[in-house]
Amino acid sequence: MANIKFTGVHKSFGSNKIITDFNLMGKDDEFLVLVGPSGCGKSTLLRMIAGLEKIDEGEIFINDQKINDLHPSKRQTAMVFQSYALYPHMNVYENMSFGLKIEKKSKEEIETKVMQAAKILKIEELLERKPKQLSGGQRQRVAIGRAITRNPKIFLFDEPLSNLDAALRAEMRVEISKLHNQIKTNMIYVTHDQVEAMTLADRIVILNLGNIEQVGTPDEIYNNPSNIFVAQFIGTPKMNILPLNNENIISDNKINFLGNEITFEKIKFDKSKYFIGIRPEHFNVSNESKFKFKPKIELVENLGNEKIVYMSNDNLELSAKISSQIDFQNELRFDTKDIFIFDENGSRI
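Rules of the game
- Residues numbered from 1 in each chain as written.
- Predicted model: local features only at pLDDT ≥ 70, side-chain atom pairs only at ≥ 80, totals over all residues.
- Heavy atoms only, no water.
- Helix = DSSP H or I, 4+ residues; strand = E, 2+ residues; numbered from the N terminus.
- Expected span 1.5 Å × (residues − 1).
- Contact = heavy atoms within 4.5 Å.
- Pairing = 2+ DSSP bridges.
- Axes fitted to C-alpha atoms, helices over the stretch in contact; angles between N-to-C directions.
- Core = buried A, V, L, I, M, F, W, Y, C linked by side-chain atoms within 4.5 Å.
- Buried < 20%, exposed > 50% of the residue type's maximum accessible area, 1.4 Å probe, protein only.
- Polar contact = N/O pair within 3.5 Å; in protein donor to acceptor, adjacent residues only side chain to side chain.
- Salt bridge = Lys/Arg side-chain N within 4 Å of Asp/Glu carboxyl O.

S.K.: Teacher, can you tell me more about unusual backbone geometry here?
M.R.: Across the chain, the bulk of peptide bonds are trans and the bulk of non-glycine residues have phi less than zero. At the junction of Thr 236 and Pro 237, the peptide bond is cis and its omega measures out at -10 degrees in the coordinates. Inspection of the secondary structure puts Pro 237 in the loop between helix 8 (228-233) and strand 11 (240-244). The backbone phi angle of Asp 21 is positive, close to 50 degrees, even though this residue is not glycine. Of note, Tyr 84 is a non-glycine position whose phi angle comes to about 70 degrees, a positive value.

Structure (structure tokens):
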């Protein structure tokens, strides 16, 4: 079992602050996903764990052992890169065994570990091939296999699927998830893809400009976003966020939204400016939903099993995601429970 802890970690490149006062306590053998837009510092954090970037301030611990000054080879981590980083002149077996040879392991131990990893990843028949003879998905399996042979305490994945096509990404997500369930080792995974974050993670850390916006399980992040940034980062299409001004606030607990008077039991409107959020998938055509409106349809994207409807209502731009089996007659419905209210700074109320 392994866990990781960050306390007050800072990192800058010149005058450019990348990570600011990063604090996080990991859990034993969890799959932790760091997600955020480009430049938010997620890959830098991974490289600091691996020892490829120096920590400016703060401390990182693995199993209560401070690793700030440990040589990368002593940290018992293994990193899988976006670019695979395979040696082109070596075959698959040689690539997977290279790190073990450097560690001067016996031939018998090397053979055992390589074959075990190859079996887990179903690449036994590829061991004699060179990287140029492999597909992108096969190369990534080899890179993961090379990490497995080292039996690390923590696996580090730096956007490992971004070079694959959509079908292969979906397949490899399943394989990586199965791998975690099988070997029960800590995995820290960096991505900008929210689908990877939601489908792989035990917990998600959402980063923005070097700061943690929210930490939680996929369900917690989706159902209870702490602010507008998180609300719009997770979910496809992104959450509809609309301004709520004086003219829409009827009383301290009642608003007018899309032509409906809506009362909130636990929210008090004591300022003049708020934001209201509702996810596209929470619009529906069910008669059981209390509130309704008739938008102007601007565009419909047919995705097969569902369609994305882009629409407007009183100069407000909205999107809805509904089943392709539904033929709605220009009327959509929603419920109070699906509405999110944010203050003028974007924080959830």
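Now that the structure has been shown, the text picks up again.
S.K.: Help me out: how do you make sense of helix 3 (residues 107-121) in this one?
M.R.: Every α-helix carries 3.6 residues per turn, so stepping three or four residues along brings you back to the same face. Its 15 residues give helix 3 an end-to-end C-alpha distance of 21 Å, which sits within 8% of 21 Å, the value for a rise of 1.5 Å per residue. On its buried face, helix 3 sits against helix 2 (92-102) and helix 4 (136-149). Backbone geometry just after helix 3 places Lys 122 at a positive phi near 60 degrees.

S.K.: Looking at this structure, how should I read the sheet that holds strand 13 (residues 254-257)?
M.R.: Strand pairing in a sheet relies on backbone hydrogen bonds, with the paired strands running either antiparallel or parallel. Pairing is antiparallel across the open sheet formed by three strands, whose spatial order is 12-13-14. For this open sheet the edge positions go to strand 12 (249-251) and strand 14 (260-263), each flanked by a neighbour on one side alone. Strand after strand, the sheet turns through a mean of 30 degrees between neighbouring axes, direction not considered.

S.K.: Explain the nonpolar core here, please?
M.R.: Grouped burial of nonpolar side chains is what soluble globular proteins tend to show. In terms of nonpolar packing, the biggest core is built from 44 residues, with Val 33, Met 96, Ile 144 and Tyr 189 touching the most fellow members. Setting aside residues no more than four positions away along its own chain, Tyr 189 makes contact with Phe 31, Leu 32, Val 33, Leu 34, Phe 157, Pro 160, Leu 161, Ile 176, Glu 196 and Leu 200. Residues Ile 4, Cys 40, Ile 55 and Leu 156 belong to the second largest nonpolar core, which totals 27 residues.

S.K.: Is there a simple way to explain helix 2 in this structure?
M.R.: Every buried residue of helix 2 is accounted for by Val 92, Tyr 93, Asn 95, Met 96, Ser 97 and Leu 100. Tucked inside the fold, the buried residues of helix 2 contact helix 3 and helix 4. Measuring from the backbone nitrogen of Tyr 93 back to the side-chain oxygen at the start of helix 2 gives 3.2 Å, which picks out Asn 91 as the cap. Of the residues one or two after helix 2, Lys 104 is the one with positive phi, at around 60 degrees.

S.K.: Looking at this structure, I do not really get the side chain of Asn 186. What am I missing?
M.R.: In this fold, Asn 186 is placed in strand 8 (residues 186-191). Among the polar contacts listed, one links the side chain of Asn 186 to the backbone nitrogen of Asp 29, at a separation of 2.4 Å. When near neighbours in sequence (up to four residues on either side) are disregarded, Asn 186 contacts Ala 2, Asn 3, Lys 27, Asp 28, Asp 29, Glu 30, Lys 153, Ile 154 and Phe 155.

S.K.: Would you explain the pairing of strand 11 in this entry?
M.R.: Two faces, one strand: in a regular strand the side chains alternate between the faces of the sheet. Residues Asn 240, Leu 242 and Leu 244 of strand 11 are buried on one face, while the alternating residues Ile 241 and Pro 243, pointing to the opposite face, are not. Taken together, the five bridges between strand 11 and strand 15 (residues 274-278) define a ladder with antiparallel strand orientation. Bridge pairing in strand 15 links Ile 241 to Gly 277.

S.K.: Help me understand the pattern of salt bridges, please; the structure alone is not making it clear to me.
M.R.: Think of it this way: side chains of opposite charge can pair up when their charged atoms draw near. Inspection of every chain in the model, using the stated rule, returns ten salt bridges. When the shortest N-O distance is used, the salt bridge between Glu 53 and Lys 11 registers 4.0 Å. Linking Glu 53 in the loop between helix 1 (42-50) and strand 4 (57-62) with Lys 11 in strand 1 (residues 4-13), this pair joins segments that are 42 residues apart in sequence. Judged by its relative accessible area of 6%, Lys 11 falls in the buried class. Across the salt bridge formed by Glu 331 and Arg 333, the nearest N and O atoms sit 3.7 Å from each other. Take Glu 331: its relative accessible area is 24%, and that puts it in the partly exposed class. Each of the salt bridges in this network shares a partner with another, and the network as a whole consists of Lys 11, Arg 47, Glu 53 and Asp 56.

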